[in-house]
Amino acid sequence: MTLARAADLILDASAAGRGIGAFNVIHLETAEALVAASAQAQLPVILQISQNCAKYHGGLEPIALATLAVARRAETPVAVHLDHAELPELVDEAIALGFGSVMFDGGALPYDENVALTAEVARKAHAAGVYVEGELGEVGGKDGAHAPGVRTDPAEAQAFVAETGVDALAVAVGSSHAMLDRSASLDIELIAQLRAALDVPLVLHGSSGVADDVIAQAVRAGMTKINVSTHLNGFFTRAVRQMLDADERLVDSRKYVAPGRVAVADEAARLLRLFALSDLSAPSALSLSQESA
């Protein structure tokens, strides 16, 4: 199957009132696991590469080319997206490499600077046929849209979308990045207000910290693109740790990395079904993994 366009996947999900999973790639094994999850769930997925991930790999190109290659070999619709780019030049590179969508993160900037930079990124991306996600928290939010207590104002969000031309908007509704437990409380009423105020899909960052039932409520209220990273990283790490603890003589990294890949694939498939509101009765592996952690 050819590489899917994130725009098509997001707009289809939004029109159907479903959510779509957007999961962060850390290394090649993650990308492989997420494509396997898509095949397992028979649902589309978005693979995300962040600015931090590009830095870890010494630049965007190595991990991007590997991820794009894995996505192109998928049997189900898989898109590749640039996540949390704070540098416009990184967006330019992603477009040149073949990314179909990008996120420019100006959420920590003063409102006027965020608007100006995001609008310029959107203009250049749209000229290349690339879908653009922006981010908005509150005016002058020091830690961006996902600092504790920050909330996106619907009227300001409406103005931001109009002034920047972004195709999707990451909003602050109570989630926070890198949470290790799933205790975040989302403002479901605010999500509904934002959905009513905007004509672009909404994006939930920091979803690792949100429980299954709350995510389902958020999707029903109007959230479409659901980003997850830390939660899946935990499954990978616990599986690797279990293998190493069981056999101290293991030296071939493939033998302990492979179970991590399987663990991510299984949980990501479950999340894809959850976000699509297609399998809310599926048991979560989280409680079992916490017991064995």
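Residues numbered from 1 in each chain as written. Predicted model: local features only at pLDDT ≥ 70, side-chain atom pairs only at ≥ 80, totals over all residues. Heavy atoms only, no water.

1. What about the confidence of the model for the protein?
To keep things clear, this is the line we draw: pLDDT is defined as a per-residue confidence score from the predictor, taking values between 0 and 100. Note on contacts: a residue pair qualifies if any of its non-hydrogen atoms lie within 4.5 Å across the two residues.
Predicted confidence across the protein gives a mean pLDDT of 87, with 86% of residues reaching 70 or more. Below a pLDDT of 50 lies the segment residues 138–146, which in the model reaches 26 contacts outside its immediate sequence neighbourhood of four places, other chains included. With pLDDT under 50 throughout, residues 281–293 is counted as low confidence; its partners more than four residues away or in other chains account for 15 contacts.

2. Here's the deal with helix H1 (residues 6–16)
In plain terms, the rule: Three exposure classes are used, based on accessible area relative to the maximum for each residue type with a 1.4 Å probe and protein chains only: buried under 20%, partly exposed in between, and exposed over 50%. To qualify as a helix, a DSSP run of H or I must reach at least 4 residues; to qualify as a strand, a run of E must reach at least 2; elements of each kind are numbered from the N terminus.
Taken residue by residue, H1 has Ala6, Ala7, Leu9, Ile10 and Ala13 as its buried positions. As for H1, its buried residues are in contact with strand E1 (20–24), strand E2 (45–50), strand E3 (78–85), strand E4 (101–104), strand E5 (131–136) and strand E8 (223–228). With its phi angle positive at about 75°, glycine 17 sits one or two positions after the end of H1.

3. Regarding the environment of arginine 72
Considering the arrangement of structural elements, one finds arginine 72 in helix H4 (residues 60–72). Judged by relative accessible area, arginine 72 falls into the partly exposed class, the value being 44%. In this structure the C-alpha to C-alpha distance between arginine 72 and alanine 4, which are 68 residues apart in sequence, comes to 8.3 Å.

4. Quick notes on unusual backbone geometry
Even without a glycine there, the phi angle at glutamine 42 is positive, about 55°. Its location among the elements puts glutamine 42 in the loop between helix H2 (28–41) and E2. We classify glutamine 42 as exposed; its relative accessible area is 58%. Residues other than glycine seldom take positive phi values, yet leucine 277 does so here, at roughly 60°. As for its placement among the helices and strands, leucine 277 is situated in the loop between helix H11 (253–275) and helix H12 (286–292). Take leucine 277: its relative accessible area is 27%, and that puts it in the partly exposed class.

5. Here we look at the nonpolar core
Nonpolar side chains tend to gather and get buried jointly when the protein is soluble and globular. Short version of the rule: The nonpolar core is taken to be a set of buried Ala, Val, Leu, Ile, Met, Phe, Trp, Tyr and Cys residues, with the residues joined through side-chain atoms within 4.5 Å.
One finds Phe23, Leu60 and Phe99 to be the most contacted residues of the largest nonpolar core, which totals 80 residues. Looking at which element gives the most residues to this core, the answer is H11, with 10 residues. The contacts of phenylalanine 99, once residues within four sequence positions are left out, are Ile49, Leu60, Ala64, Leu68, Val80, His81, Leu82, Ala94 and Val130. Of all hydrophobic cores here, the second largest spans 15 residues; its members include Ala7, Ile46, Met103 and Val203.

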